[in-house]
Amino acid sequence: MNSALIIIDMQNDFCTGGALAVKDGEKIIQCINDAQKEFKTIILTQDWHPQEHSSFASNHGAEPYTNIEMEYGSQILWPDHCVQGSTGANFHRDLNTNKSDLILRKGSNPKIDSYSAFFENDKNTTTGLEGYLIKKDIKRLYLCGLAFDYCVFYSALDGANLGFEVFVFKDLTKAIDLNDSKKTAKKSMIEKGIKLINFS
Ligand code: VGL
Ligand code: ZN
């Protein structure tokens, strides 16, 4: 009770064979399905970009995984991924999507990337998730999914900053790990009081 499971971006493009594949991304799916049995409130997020999205390297004539300065700060440029309506943007077929109360799409604004389930990368534009959770009297968030060091990390930080008690099921995530991002994310989460735990 008062707890929600938030499953971040369990989509084809983040799994083996996808455009922005996270190593072994699909290997956590069965355990995420098991974890769903323990929660009443389940939220799925879905990275959902238009083809002209400003986080795509291809839209800047740049190489993926390089950095660019945006109005809201530094932004990593990614391969085209999770394009609205594409197979890559679909949830992985093994993920149980029947039990979720809410599917939250993010990253639709072509000008702003959105790692966090709460705010776009300008740290100001809200997704509405905070209000949804408050109305449901949710106090504790349990996060899992992809990727540990990007969307899970930023969702966890924002959740903690908003006053939720945040847990991350470490064994139900996988990291992209660009320039030590896994280590940095872990350190920042621990400093914030976010609890890194195992589900299994
Ligand atoms: C993600 C990079 C770009 C994620 C989404 O889900 O972690 N990472 N878009
Ligand atoms: Zn994305």
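Everything that follows concerns the structure shown earlier in this document.
Residues numbered from 1 in each chain as written. Chains lettered and ligands numbered in written order. Predicted model: local features only at pLDDT ≥ 70, side-chain atom pairs only at ≥ 80, totals over all residues. Heavy atoms only, no water.

**Focus: unusual backbone geometry**
Item 1. In this structure, the amide linkage connecting leucine 146 to the following residue, alanine 147, adopts the cis form with an omega of -10°.
Item 2. Residue position: alanine 147 is located in the loop between β6 (140-146) and α3 (148-161).
Item 3. Phi is positive for lysine 123, close to 65°, though the residue is something other than glycine.
Item 4. Tracing the backbone shows lysine 123 in the loop between β5 (102-106) and α2 (129-135).
Item 5. Looking at lysine 123, the relative accessible area reads 57%, which means it is exposed. (Helix = DSSP H or I, 4+ residues; strand = E, 2+ residues; numbered from the N terminus. Buried < 20%, exposed > 50% of the residue type's maximum accessible area, 1.4 Å probe, protein only.)

**As for the coordination of the zinc ion (ligand 2)**
Item 1. The coordination sphere of the zinc ion (ligand 2), as far as protein atoms go, consists of Asp47 (OD), His49 (NE2) and His81 (NE2), spread over 2.0 to 2.2 Å.
Item 2. Geometry at the zinc ion (ligand 2) is irregular, judged from the 4 donor atoms that bind it and their angles of 88 to 170° at the metal.
Item 3. In terms of primary sequence, the donors binding the zinc ion (ligand 2) are separated according to D-x1-H-x31-H. Of the two residues, histidine 49 sits in the loop between β2 (41-47) and β3 (67-70) while histidine 81 sits in the loop between β4 (73-76) and β5, which places them 32 residues apart along the sequence. The same class applies to histidine 49 and to histidine 81, which are both buried. (Donors = N, O, S within 2.8 Å, 3.2 Å for Na, K, Ca; no water. Tetrahedral: all angles 85-135°; square planar, octahedral: opposite > 155°, others 65-115°.)

**Structural notes on the pattern of salt bridges**
Item 1. Inspection of every chain in the model, using the stated rule, returns 8 salt bridges.
Item 2. Note that aspartate 9 is salt-bridged to lysine 106, the shortest N-O span being 2.9 Å. Note that aspartate 9 is positioned in the loop between β1 (3-8) and α1 (29-36) and lysine 106 in strand β5, a separation of 97 residues in sequence.
Item 3. According to the relative accessible area criterion, aspartate 9 is buried, its value standing at 0%. (Salt bridge = Lys/Arg side-chain N within 4 Å of Asp/Glu carboxyl O.)

Everything listed is a geometric property; what it means functionally is a separate question.
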